[in-house]
Amino acid sequence: MNASRLSPAQGADATTNLDLLPGLRVAVTGGTSGLGHALVAALVGHRAHVAFIARNREALQRAQARFPGAHAIAADVARKEDIHPAALQITGLLGGLDVLVNNASSLGPVPLALLGDTECEAFEQALGTNVLGPFRLTRALLGALAASAREGRGAVVVNVSSDAARQPYPGWGAYGASKAALLHMTRIWDEEAREDGIRFLSIDPGDMDTPLHALAVPDADRATLKAPAHAAAEIVQAIAAALPGPPAARGHRHAAPTFGLRGDADAAWGPA
Amino acid sequence: MRTATRPAPLRVPHAASSTTARLPPLEPARDPQQRRADARLLVAHADGTQLHAPRATWYAHLAPGDVVIGNDAATLPASLFARHVPTNRAVEIRLAGHAPRAVDGALRFAALIFGAGDWRTPTEERAQPPALASDDVLACGEVTLVVEASLGHPRLVLLRFPRDDALAWSLLARAGHPVQYAHLRSALAPWDVTTPIASRPFAFEAPSAGFVLDWRSVHALRVRGIAFATLTHAAGLSSTGDEALDARLPFDEPYVIPLATAQAIARAQARQGRIVAIGTSVVRALEHAAAGTPSVHAGAGIARQRIGPSTRLSLVDALLTGTHEPATSHFELLRAFVPDETLARAHRAMAARGYRTHEFGDSMLLFRPAR
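One numbering rule holds for all chains: residues counted from 1, following each sequence as written. Following the order in which they are written, the chains are lettered starting with A and the ligands numbered starting with 1. Predicted model: local features are reported for residues with pLDDT of at least 70 only, side-chain atom pairs are reported and counted for 80 or more only, and whole-chain, interface and lining totals are derived from all residues.

I tried to follow the pairing of strand 15 (residues 275-278) of chain B on my own but got confused; where do I start?
The two faces of the sheet receive side chains in turn, since in a regular strand these alternate between them. Residues and elements named next belong to chain B. Burial of strand 15 is two-sided: the residues Ile 275 and Ala 277 facing one way and the residues Val 276 and Ile 278 facing the other way are all buried. Relative to strand 15, strand 4 (residues 67-71) runs parallel, the two being bridged by 3 bridges. Following the sheet pairing, Val 68 is matched in strand 15 by Val 276. Direction of pairing for strand 15 relative to strand 17 (residues 318-322): parallel, over a ladder of 3 bridges. Residue pairing for strand 17: Ala 277 is matched across the bridge by Leu 319. With C-beta atoms placed from the backbone, a residue is labelled by how many other C-beta atoms lie within 10 Å of its own: buried for 20 or more, exposed for 12 or fewer, partly exposed between the two. Numbering goes from the N terminus for both helices and strands, where a helix is a DSSP run of H or I of at least four residues and a strand is a run of E of at least two. Paired strands are those between which DSSP finds at least two bridges.

The structure is reproduced here in C-alpha cells:
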C-alpha cells in the first residue's frame, strides 16, 4: 500500500484506534475472494460486525461457513436493481453502518486487451463494477454513514484503487480508466462529505496474489506478489486511523441507543 | 379523496372546527418525484403573516441558532405478496408496526392483511383477506411467515418472520415492495421512498417531509449557523382502507433519539434558537420524549399520543411538512401549531395557487406563535 495515496486521514494513532474495531459495523463488497475475503477475515478477527457482498452463491456459502458471525449477502454491485436490496440487508442486519469498503472489481476484458480491441460491453462492465456500483451503493448508504458520524461513531468509505488509476499501462485501458474515475470520485466525495463527518479513502493495495491478478497476468511469479492478508491488515489500520479518536473522546460510541428492531423495550406491539 | 390510498380522510374523534371543516381540496401530486424544481412552500410566521416561496431554499426562512431535526428512518419494503396456505388464496401483507422479538429472537411485525389485488385498486375497495387464525402460514415463495395472534381486528395480525435474520432480511429485500399509493401514476421503486438522509430501515411509509433534506440543503444549514440533527421514528401506515382501523391511527410508533440530538436541542434552546421539526413524525417523537417538559433525553421510546388542537406543544417551535387534507390525523397535528383561522387561510391560499398534496406534493412551514 502506498501511504501517499491515502487521503490525509492520519493524525489519530492507528494502533490505539484498533480498539475501536470491536462492534464497528462494516460492509465489504467482493467479500468472498482475494483482498475482500482477507478483509472480512481481518475485520472478524478484530470483532467488527461485518456484512459482505458477493455474486457467487456457492462462494458466499463457503465464506458464511468460515465466518458464522458475519452476514453474507448475495448481490452484484454492477446491477442497479441489486443496490437497494443490498443496502437494506446491510443496514437491517447491522442496525446501521460505520464503514463501507468498495472492494469488488472487474478487470474488463479477459484476457487484457488494447483499447482498440476492447469490446464496448467489456468497458461498460468495468465501469459498472468499478465506478457506477460503488457510486450507487455509497449513495444508498450515505444516510446511514452520516447518521453514524452524527452519533460520534465516525464514518469511513474505502474505495480500493490501483496504480493503474494513475499510470497509463497499455492493455489496462478499461480497468485503468474505471479506477481513475473511482479515484477522482473518491477525492471529490471526500471534499463534499467531510463536513458531514464521512471520510473517503482511496487505497491502492499494490500487486497482490489474487484471482483478479491471475486473470490479468496469468504467468506472474506469485512469489513476488503481496499476500492479500498483508494488504487487508494495512487497510484495517487505515480505517482505524480515519475514525474519530482517541476512544475517550468518543465515549458514547458504545453507549449509543439500541436500535429499535433489536430491543423488545422499543417494540410497540405485543400479542392481543 | 376516496380514490387515494393515502390519506383516506381519517375520522378523528373530535370533529374539525367549523373554520377548517369546509376547505377546498388540493390536487394530489401524481408523479413520484421527491424534489420537483418548481415545488412550493407556504410559510406561516408566528405573527400571522404568510408568504409563498420556492421550496428548494426552505432553510432561508430559519435563523442562526435554530436546530433542524429530521427523521432518518429508511423505509422498509413493507408490502409483500403471499399465499394464505390454509385456503390457498393470494394476500397482500403490509407491515404496520414493530413487535417484540420474544424468546426465540425472531423478527415480528404487526401486519395488515389485504385480499388479492394490488395498489391500482383504492385501499377502501380492496378485497377482504380470508379469515385468519393463529398458526396460519403465509408463504412467500419458499419462505413462510406465521400468524401468531389477532390484534383486535380480523385484518390486523402479529406476524412472525423466520428465526434466521439473514433469511428474514433477504426475504424483505427480494419480495418486499414499498407500500404503494393509488393516486400515483406509476408504482413506487425503493429509491422513490428513500430520503437522502435515510439510515436504518425502520419506517413503514416514507417520512416524506424529509424529501426536502438533500445534502445541498444540509450543507446550507451549516453555512447559516443552523444545527442539523436526526432521530429515527417508525413512521407508520397512513391509511388502512378500513374505518375501524383508521380510527386507531396513528398506531403506536417506536423512536430512537441519539445523544447528539438531545444535546443539539439543548444547545439551541440555550441560544434561544427554535426547534424545527421536518415532518409530523419528528413532532410526535420529540413531544412524546419531552412529556410536557421543554427538554428531551436520549434514548428509545414509543410515541402513543395523538396531537391535535388541544395539545400544548412543549418543545417543537416550527414544522416543515407536506400539505394535509382537513379531517386527517396529520391535519389535526397542524392545529396544535397554529390557530384554525391561520390554517384555513393558508389552505385556501394553497388551493387558489394550485399547491399539490400528498407525499410528493408541496410543503408548508408553520411557526408556532410564542407561548
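Where do I start with helix 5 (residues 120-150) of chain A in this structure?
Think of an α-helix as 3.6 residues a turn; residues three or four steps apart then line up on the same face. The span one expects for a helix is its residue count, reduced by one, times 1.5 Å. Counted at 1.5 Å a residue, the expected span for helix 5 of chain A with its 31 residues is 45 Å, and the 42 Å between its end C-alpha atoms agrees. Following helix 5 of chain A by one or two positions, Gly 152 of chain A adopts a phi angle in the positive range, close to 85°.

Looking at this model, I keep getting lost on the packing of helix 5 of chain A against helix 6 (residues 173-193) of chain A. Mind explaining?
All names here are of chain A. Note on definitions: angles span 0 to 180 degrees between N-to-C directions of axes, and those axes are lines fitted to C-alpha atoms, for helices only across the stretch in contact. Following both chains from N to C, one finds helix 5 and helix 6 inclined at 20°, their axes separated by 8 Å at the closest point. Here helix 5 is positioned roughly parallel relative to helix 6, judged by the angle of their axes. Like other packed secondary-structure pairs, helix 5 and helix 6 cross with a definite hand, here right-handed. Together, Ala 122, Phe 123, Ala 126, Leu 127, Asn 130, Val 131, Pro 134 and Phe 135 of helix 5 and Ala 174, Tyr 175, Ser 178, Lys 179, Ala 181, Leu 182 and Met 185 of helix 6 make up the contact between the two elements. By the convention adopted, Pro, Cys, Tyr, Trp, Phe, Met, Ile, Leu, Val and Ala count as nonpolar, Lys, Arg, Asp and Glu as charged, and the other residues, Gly among them, as polar. Residue composition of the contact of helix 5 with helix 6, grouped by class: 12 nonpolar, 2 polar and 1 charged. For classification purposes, an angle smaller than 35 degrees is called roughly parallel, one larger than 145 roughly antiparallel, one from 65 to 115 roughly perpendicular, and anything else oblique. A crossing counts as left-handed when the near helix is turned anticlockwise from the far one by less than a right angle, and as right-handed when that turn is clockwise. Here contacts are defined at the residue level, using C-beta atoms placed from the backbone and a cut-off of 7 Å between them.

What is the right way to read the packing of helix 2 (residues 34-45) of chain A against helix 8 (residues 228-242) of chain A from this model?
Any two packed helices are characterised by the angle at which their axes cross and by the distance between the axes. Residues and elements named next belong to chain A. Following both chains from N to C, one finds helix 2 and helix 8 inclined at 55°, their axes separated by 8 Å at the closest point. When the interaxial angle is binned, helix 2 and helix 8 end up oblique. Crossing angle aside, the handedness with which helix 2 passes helix 8 is right-handed. Between helix 2 and helix 8, the residues in contact are Gly 34, Leu 35, Ala 38, Leu 39, Ala 42 and Leu 43 and Pro 228, Ala 229, Ala 231, Ala 232, Ala 233, Ile 235 and Val 236, respectively. When grouped by side-chain class, the residues that make up the contact of helix 2 with helix 8 number 12 nonpolar, 1 polar and no charged.

Teacher, can you tell me more about the pairing of strand 7 (residues 89-99) of chain B here?
All names here are of chain B. Of all 11 residues in strand 7, 9 are buried; the element is thus mostly enclosed. Summarising the sheet, strand 6 (residues 79-84) and strand 7 pair through 6 bridges and their orientation is antiparallel. Each residue of the ladder has a partner; that of Ala 82, found in strand 7, is Val 91. The antiparallel hairpin formed by strand 6 and strand 7 contains 4 residues in its connecting segment, where Asn 88 sits at a positive phi of about 60°.

Just to check I follow, could you spell out the environment of Ala 349 of chain B for this structure?
Residues and elements named next belong to chain B. Mapped onto the fold, Ala 349 is located in helix 8 (residues 340-352). With 156 residues separating them along the chain, Ala 349 and Val 193 place their C-alpha atoms 28 Å apart. Apart from the residues lying within four places of it in its own chain, the contact partners of Ala 349 are Leu 42 and Gln 50.

Sorry, what's going on with the nonpolar core here?
For soluble globular proteins, the rule of thumb is that nonpolar side chains tend to be buried together. Among buried residues, those of type Ala, Val, Leu, Ile, Met, Phe, Trp, Tyr and Cys that are joined through C-beta atoms within 7 Å form a set called a nonpolar core. By size, the foremost hydrophobic cluster in this structure holds 178 residues, and its most contacted members are Phe 52 and Leu 145 of chain A together with Ile 69 of chain B. Those domain boundaries reflect an automatic or database domain assignment. A domain split of this core shows at least three residues from each of domain 1 (18-75 + 187-367) and domain 2 (79-175) of chain B. Aside from chain neighbours lying at most four places away, what touches Leu 145 of chain A is Leu 97, Leu 100, Ala 155, Val 157 and Ile 198 of chain A. With 12 residues, the next largest nonpolar core counts Ala 126, Val 131, Tyr 175 and Ala 216 of chain A among its residues.

What am I meant to see in the sheet that holds strand 17 of chain B here?
Two orientations exist for strands paired in a sheet by backbone hydrogen bonds: parallel and antiparallel. Residues and elements named next belong to chain B. The mixed open sheet is built from 9 strands, whose spatial order is 3-2-19-17-15-4-13-14-16. Here the strands that pair on one side only, and so sit at the sheet edges, are strand 3 (50-54) and strand 16 (299-303). Across the sheet, the mean angle separating the axes of adjacent strands is 25° when strand polarity is ignored. One ladder, built from 5 bridges, connects strand 14 (residues 253-257) with strand 16; its direction is antiparallel. Directly across from Glu 253, in strand 16, lies its bridge partner Ala 303.

Mind showing me how you'd approach helix 6 of chain A here?
All names here are of chain A. Here helix 6 contains 21 residues, and its C-alpha end-to-end distance of 30 Å stays within 8% of the 30 Å for a straight helix at 1.5 Å per residue. For helix 6, the set of buried residues is Gly 173, Ala 174, Tyr 175, Gly 176, Ala 177, Ser 178, Lys 179, Leu 182, Leu 183, Thr 186, Trp 189 and Ala 193. Contacts from the buried residues of helix 6 go to helix 5, strand 5 (155-160) and strand 6 (198-203).

What is the right way to read the domain arrangement of chain B from this model?
Reports often express the size of an interface as the amount of accessible area lost when the parts come together. The domain boundaries assigned to chain B delineate domain 1 (18-75 + 187-367) and domain 2 (79-175). On the domain 2 of chain B side, the residues contacting the 14 residues of domain 1 of chain B number 13 residues.

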